[in-house]
Amino acid sequence: MMIQRNKGILTVVSGFSGSGKGTIMKELMRRYADRYALSISATTRAPREGERDGIEYFFRTKEQFEQMIKEDALVEYAQYVGNYYGTPRAYVEEQLNAGKDVILEIEIQGALKVKEKFPDTLLLFVTPPSAEELKNRLVGRGTETMDVIESRLARAVGEAEGMEAYDYLVVNDVLDECVEEVHHLILGEHRRVSRNIDRINEMREELKSLPLSGLLIKINDKINGE
Ligand code: ADP
Ligand code: 5GP
């Protein structure tokens, strides 16, 4: 009997701006490209230097974004520091059905909406080793003005209040270790009993249909207290 057991796991990775989510995702994709599909979000924010449309984000105008909302083309969307961000639906569904583990790198409001729609989503929260290090990383990245950096740090205070909603906390200190940790958390999620009901039932059937000699059947009856 062929049992379909290869549907991918949906994982959400959130974390304060500057905690290193983008860096971790890039490295995870480099190491395990066959296994993971990283969803590309749509946003109304301007591209940073080096960011390309359709690679880091789909860069859209406010009008285009609102049209996507109207057409129900997004799994979720949220506003973050003055801009819209949202997850296009088609890619996520397509990749999950193809058996890929799909990762959404999104902020907390979006994460909670995804969890509501798909309750078996794995929620990971990435933090830096300290708040001081967070600030250093944001400043060091050099992609935002000091004003925007401060808005993002202020937003982090609010986001920290929601961390208990997540399944696992991942501290991004040494990048290499952090990438492996994320990978192993997702692998572990595949082993969850509730995600393996088909496999369990198949094993039960196989065990029952094993040809047993009379002696073994007696031992079995004894174990079962008959
Ligand atoms: P996010 O996507 O969470 O906003 P980024 O991936 O852009 O964060 O990382 C923010 C900055 O911190 C970048 O300059 C990046 O190179 C740096 N960074 C990421 N991970 C680490 C790490 N483990 N140790 C030191 N610096 C890091
Ligand atoms: P950034 O501007 O630094 O790329 O992203 C800002 C924040 O928006 C980050 O916390 C990032 O995870 C989040 N984000 C990116 N894409 C999406 C999305 O599709 N939906 C939601 N809700 N948040 C997103």
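Attention in this report is confined to the structure presented alongside it. (Residues numbered from 1 in each chain as written. Chains lettered and ligands numbered in written order. Predicted model: local features only at pLDDT ≥ 70, side-chain atom pairs only at ≥ 80, totals over all residues. Heavy atoms only, no water.)

### With respect to the pattern of salt bridges
Once the charged atoms of two side chains with opposite charge are near each other, the side chains can pair. Using the following cut-off: For salt bridges, the criterion is a side-chain nitrogen of Lys or Arg within 4 Å of an Asp or Glu carboxyl oxygen. Only protein chains enter the accessibility calculation, which uses a 1.4 Å probe; a residue is then buried when its area is under 20% of its type maximum, exposed when over 50%, and partly exposed in between.
Following the criterion strictly, the structure yields 20 salt bridges and no others. Salt-bridge contacts for R60 lead to D53; the nearest nitrogen and oxygen are separated by 3.5 Å. Exposure remark for R60: the relative accessible area of 29% places this residue in the partly exposed category. Through salt bridges with shared partners, one network takes in E27, R30, R31, D176 and E180.

### Examining the site of ligand 2
Definition in use: We call a residue near a given molecule or strand whenever any one of its heavy atoms falls within 4 Å of it. The definition of a polar contact used here is a pair of N or O atoms within 3.5 Å, where within protein one atom must be able to donate a hydrogen and the other to accept one, and adjacent residues in sequence count solely through side-chain atom pairs. Accessible surface area values rest on a Shrake-Rupley calculation with a 1.4 Å probe, where residue burial reflects the displayed protein chains alone. A run of H or I in DSSP counts as a helix once it spans at least four residues, and a run of E counts as a strand once it spans at least two, with each numbered from the N terminus.
Among the 16 residues in the neighbourhood of ligand 2, the closest are listed as S41, R45, Y57, Y85 and R152. A distance of 2.6 Å is found between an oxygen atom of ligand 2 and a side-chain nitrogen or oxygen belonging to Y85. The side chain of T87 places a nitrogen or oxygen atom 3.3 Å from an oxygen atom of ligand 2. Calculation on ligand 2 without its partners gives an accessible area of 510 Å², and the protein chains cover 96% of this total. Among the secondary structure elements, those contributing two or more residues to the shell around ligand 2 are β5 (74–80) and β6 (83–88).

### A few points about the packing of aromatic side chains
Where two aromatic rings form a pair, the distance of their centres and the angle of their planes describe that pair. Here is the rule we go by: Planes of paired rings set the category: under 30 degrees apart is stacked, over 60 is edge-to-face and the rest tilted, where pairs are Phe, Tyr or Trp rings (Trp by its six-membered ring) whose centres lie within 6.5 Å. Two limits define a charge over a ring: the Lys NZ or Arg CZ must be within 6 Å of the ring centre, and within 35 degrees of the ring normal.
In the structure shown here, the tally under the stated rule is nine aromatic pairs. An angle of 0° between the planes, with centres 4.7 Å apart, marks the rings of F65 and Y84 as stacked. Of this pair, F65 sits in helix α2 (residues 62–70) while Y84 sits in strand β6; the two residues are 19 residues apart in sequence, bridging distant segments of the chain. Exposure remark for F65: the relative accessible area of 0% places this residue in the buried category. Y84 gets classed as buried once you look at its relative accessible area, which sits at 12%. A connected cluster of aromatic rings, assembled from ring pairs, spans Y57, F59, Y80 and Y85. When the ring centre of Y77 is taken as reference, the NZ or CZ atom of K113 above it lies at 5.0 Å.

### Quick look at the pairing of strand β1 (residues 10–15)
Just so we agree on the cut-off: Only strands joined by at least two bridges in the DSSP assignment are considered to pair.
The element β1 is largely enclosed, with a buried count of six among its six residues. With burial as the criterion, each face of β1 is covered, one bearing L10, V12 and S14 and the other bearing T11, V13 and G15. Pairing of β1 with strand β7 (residues 101–105), which is carried by four bridges, proceeds in the parallel orientation. Residue pairing in the sheet places T11 in a bridge with I103 of β7.

### Brief notes about the site of ligand 1
Stated formally: Put simply, Ala, Val, Leu, Ile, Met, Phe, Trp, Tyr, Cys and Pro go in the nonpolar bin, Asp, Glu, Lys and Arg in the charged bin, and everything else, Gly too, in the polar bin.
Close to ligand 1 lie 13 residues, the nearest being G18, K21, T23, R141 and D173. A distance of 3.0 Å is found between an oxygen atom of ligand 1 and a backbone nitrogen or oxygen belonging to G20. Relative to its free-state accessible area of 560 Å², ligand 1 is covered by the protein chains to the extent of 72%. Among the secondary structure elements, those contributing two or more residues to the shell around ligand 1 are α1 (21–31) and α5 (131–141). Looking at which element gives the most residues to the shell around ligand 1, the answer is α1, with three residues. Taken together, the residues that form the shell around ligand 1 break down as two nonpolar, seven polar and four charged.

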